Amino acid sequence: MSYRFKTKLLGPTAEVEGTFSPAEPQTLNYPGCSASFEIELITINGHYFEAECLSDETLEDIAQAAFDADSDERGEY
């Protein structure tokens, strides 16, 4: 599922676009995987920002922000 949200990134507000991948359960021959968010595009003040330049920790923070933003929009069930 494609998703776009805004978050603070190293100071300024950035617009992030990416895709959610759902968690997959473990089976007898597949270890399964947790849900993830793959960053496709980051823009800051209308300029593209290279995600490859960010640390793994920062990328994980952005992914968590995506899950948090999506959860806030949907509300709790």
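Residues numbered from 1 in each chain as written. Predicted model: local features only at pLDDT ≥ 70, side-chain atom pairs only at ≥ 80, totals over all residues. Heavy atoms only, no water.

**Details of the nonpolar core**
Logical step 1: Phe 5, Leu 9, Val 16, Phe 37, Ile 39, Ile 42 and Ile 62 are the most contacted members of the largest nonpolar core, which totals 17 residues.
Logical step 2: Among the elements of the structure, strand S1 (2–8), strand S2 (13–21), strand S3 (36–44) and helix H1 (56–74) are those that each provide at least two residues to this core.
Logical step 3: The leading source of residues in this core is H1, at 5 residues. (Core = buried A, V, L, I, M, F, W, Y, C linked by side-chain atoms within 4.5 Å. Buried < 20%, exposed > 50% of the residue type's maximum accessible area, 1.4 Å probe, protein only. Helix = DSSP H or I, 4+ residues; strand = E, 2+ residues; numbered from the N terminus.)

**Observations concerning the pairing of S3**
Logical step 1: Here S2 pairs with S3 via 8 bridges, running antiparallel. The residue of S3 that forms the bridge with Gly 18 is Ile 39.
Logical step 2: As paired strands, S3 and strand S4 (residues 47–48) are joined by 2 bridges and run antiparallel to one another. Residue pairing in the sheet places Ile 44 in a bridge with His 47 of S4.
Logical step 3: Taking the residues that link successive antiparallel strands as the turn, the S3-S4 hairpin has 2 residues, and the phi of Asn 45 there is positive, at about 50°. (Pairing = 2+ DSSP bridges.)

**So, the pattern of salt bridges**
Logical step 1: Using the criterion set out here, one finds 2 salt bridges in the structure.
Logical step 2: Its salt-bridge partner being Arg 4, residue Glu 17 comes within 2.4 Å of it at the nearest N-O pair. Of the two residues, Glu 17 is situated in strand S2 and Arg 4 in strand S1; the sequence distance between them amounts to 13 residues.
Logical step 3: For Arg 4, a relative accessible area of 48% translates into the label partly exposed.
Logical step 4: It is possible to trace a salt-bridge network through shared partners that takes in Arg 4, Glu 15 and Glu 17. (Salt bridge = Lys/Arg side-chain N within 4 Å of Asp/Glu carboxyl O.)

All quantities given are derived from atomic positions and should not be read as evidence of function.
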